[in-house]
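What follows is the residue order along each chain.
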Amino acid sequence: MTGVLNRRGFMEKAMDFILRGDNGRGILLIADLDHLKEINDCFGHVEGDFAIQSAAHILTTTLGEEALIARIGGDEFMIYTME
């Protein structure tokens, strides 16, 4: 739905990413989409899905292809990028 990794894909790729890095160091970010329940309750799940897709798109375009981005829960995203 989002075009980003899921939790399992993230964990597998993150291990590869860490092992191939020069110093194995990076930055791990966790992001949560606030008020998703309210969006779903007031506007419906189609709009909630749109909010999740929009968040994934913003993260992808902002952080670029070199960052690993995953949706790890309903409205939670995890990002790993090298320093």
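None of these values were measured; they are calculated from a predicted model. All chains use their own residue numbering, which begins from 1 and follows the written sequence. With the structure being a predicted model, the display of local features is reserved for residues of pLDDT at least 70 and the display and counting of side-chain atom pairs for 80 or more, all residues being used for whole-chain, interface and lining totals. To get the side-chain values, take all heavy atoms of the structure and skip hydrogens and water.

Take unusual backbone geometry next. Although it is not a glycine, H35 sits at a positive phi angle of roughly 65°. With respect to the helices and strands, H35 occurs in the loop between β1 (26-32) and α2 (36-43). Buried, partly exposed and exposed residues are distinguished by accessible area as a fraction of the type maximum, computed with a 1.4 Å probe on protein chains only: under 20%, between the cut-offs, and over 50%, respectively. Overall, H35 belongs to the exposed group, its relative accessible area being 55%. Secondary structure elements are defined from DSSP: runs of H or I of at least 4 residues count as helices, runs of E of at least 2 residues count as strands, and each element is numbered from the N terminus.

On a scale of 0 to 100, pLDDT captures the predictor's confidence in every residue. Put simply, the chain has an average pLDDT of 91, and 95% of its residues get 70 or more. The lowest-confidence element of the chain is helix α1 (residues 7-20), averaging 88 in pLDDT; the highest-confidence one is strand β2 (residues 68-71), averaging 96.

Here the focus is the pattern of salt bridges. Every case where a carboxyl oxygen of Asp or Glu lies within 4 Å of a side-chain nitrogen of Lys or Arg is listed as a salt bridge. Inspection of the entire model under this criterion finds two salt bridges. Across the pair K37 and D41 runs a salt bridge, and its minimum N-O distance is 2.6 Å. Placement of the pair is K37 and D41 together in helix α2, with a separation of four residues, close to one helical turn. Across the pair, D41 and K37 agree in class, each one exposed.

The subject of this paragraph is the nonpolar core. In a soluble, globular protein the nonpolar side chains are often hidden away together inside. What makes a nonpolar core is a set of buried Ala, Val, Leu, Ile, Met, Phe, Trp, Tyr and Cys residues whose side-chain atoms join them at distances within 4.5 Å. Within the largest apolar cluster, 12 residues are counted, these being V4, L33, L36, A51, I52, A55, A56, L59, A67, I69, F77 and I79. Those elements that provide at least two residues to this core are α3 (45-63) and β3 (76-82). Tallying contributions element by element places α3 first for this core, with five residues. Beyond its immediate stretch of four places on either side in the chain, V4 contacts A56, T60, I69, A70, R71 and F77. Formed by eight residues, the second largest nonpolar core is a distinct cluster that contains A14, F17, M78 and Y80. Working rule for contacts: check all heavy atoms of both residues, and any pair within 4.5 Å makes them a contact.

This paragraph deals with the sheet that holds β3. Spatial strand order, β1-β3-β2: three strands in an open sheet with antiparallel pairing. With one partner strand each, in any of the chains shown, β1 and β2 form the two edges of the open sheet. Strand after strand, the sheet turns through a mean of 15° between neighbouring axes, direction not considered. Every axis in this analysis is a line fitted to C-alpha atoms, fitted for helices over the stretch in contact. Angles between the N-to-C directions lie between 0 and 180 degrees. The strands touched by α1 within the sheet are β1, β2 and β3, with β3 carrying the most contacts at an inclination of about 10°. Docked against the sheet, α3 engages β2 and β3, running at close to 10° with respect to β3. Following DSSP output, two strands are said to pair if at least two bridges run between them.

Moving on, we come to a negative patch on the surface. Each patch is built from salt-bridge-free residues with over 30% relative accessible area, joining like charges within 9 Å and nonpolar side chains (Val, Leu, Ile, Met, Phe, Trp, Tyr) within 5 Å. In short, Shrake-Rupley with a 1.4 Å probe defines the accessible areas, and a residue's cover is counted only from the protein chains shown. The sign given to each residue is positive for Lys and Arg and negative for Asp and Glu; His and the chain ends receive no count. Taken as the charge location is NZ of Lys, CZ of Arg, CG of Asp or CD of Glu. On the surface, D32, D34, E38 and E76 cluster together to form a negatively charged patch. Along the chain, D34 turns up in the loop between β1 and α2.

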